[in-house]
Amino acid sequence: MTGSTERPRIAEAIAAGAAAWLSKAVPFDELIYAILDGFAGRPMMDPRERQRLLSEHRALQSQQRSAKQMFNQLTKRERQVLAALVEGKRAKVIAEESYVSIATVRSQIRSILAKLNVKSQLEAVALAKSLGE
């Protein structure tokens, strides 16, 4: 049982072996029937929906593996710059703290964007945060 209605979270639970997903808002009698059905080995959710959730989970895992491979292409310095961007620092501040020119930092940012296949610093930051980088 979860309060989450986010499909990726639900899919993760199903992939981990959950028999079904129930909202915390489910009426008590439905909860009891669901538990009894699960205990008896009866399906608790539409098999097509279960399969869709598992497919979504596999697709998300594949995307995350691809993103991690892209992160592995970043140099140590590019990772440092990306970490500074995640912290909300601007290129000028990164340059000052690193004792390099702002042009160098901007070049590193362009390289990061290209390697991560994103169009903006915001996308790069979002991708980094989603992977815990």
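Look up: the structure comes first, before these words.
Reading guide: rules and limits
- Residues numbered from 1 in each chain as written.
- Predicted model: local features only at pLDDT ≥ 70, side-chain atom pairs only at ≥ 80, totals over all residues.
- Heavy atoms only, no water.
- Salt bridge = Lys/Arg side-chain N within 4 Å of Asp/Glu carboxyl O.
- Helix = DSSP H or I, 4+ residues; strand = E, 2+ residues; numbered from the N terminus.
- Buried < 20%, exposed > 50% of the residue type's maximum accessible area, 1.4 Å probe, protein only.
- Patch = residues over 30% accessible without salt bridge, like charges linked within 9 Å, V, L, I, M, F, W, Y side chains within 5 Å.
- Areas by Shrake-Rupley, 256 points an atom, 1.4 Å probe, with all protein chains shown as cover.
- Axes fitted to C-alpha atoms, helices over the stretch in contact; angles between N-to-C directions.
- Parallel < 35°, antiparallel > 145°, perpendicular 65-115°, else oblique.
- Contact = heavy atoms within 4.5 Å.
- Nonpolar A, V, L, I, M, F, W, Y, C, P; charged D, E, K, R; others polar.

Counted by the stated rule, this structure contains 3 salt bridges. Between Glu78 and Lys115 there is a salt bridge; the shortest N-O distance is 2.9 Å. Here Glu78 is found in helix H4 (residues 76-86), whereas its partner Lys115 is found in helix H6 (residues 102-116), with 37 residues between them in sequence. Using a relative accessible area of 24% as the deciding quantity, one classes Lys115 as partly exposed. Glu97 serves as the salt-bridge partner of Lys89, at 2.9 Å between the closest nitrogen and oxygen. The network of salt bridges with common partners includes Glu87, Lys89 and Glu97.

A contiguous nonpolar patch, built from Phe28, Ile32, Tyr33, Ile35 and Leu36 and spanning about 550 Å² of accessible area, is present on the exposed surface. Assessed through its relative accessible area of 48%, Leu36 is described here as partly exposed.

Axis separation between helix H1 (residues 7-15) and helix H3 (residues 47-72) bottoms out at 8 Å; the angle between their running directions is 100 degrees. With respect to H3, the element H1 is oriented roughly perpendicular. Here Arg7, Pro8, Ile10, Ala11, Glu12, Ile14 and Ala15 of H1 lie close against H3, whose contacting residues are Glu49, Arg50, Arg52, Leu53, Leu54, Glu56, His57 and Leu60. Here the contact of H1 with H3 is built from residues that sort into 8 nonpolar, 1 polar and 6 charged.

This brings us to unusual backbone geometry. Despite not being glycine, Tyr99 has its phi angle at roughly 60 degrees, a positive value. Position of Tyr99 relative to the elements: it lies in the loop between helix H5 (91-98) and H6. Although it is not a glycine, Asn117 sits at a positive phi angle of roughly 60 degrees. Looking at where Asn117 falls in the secondary structure, it is placed in the loop between H6 and helix H7 (121-130).

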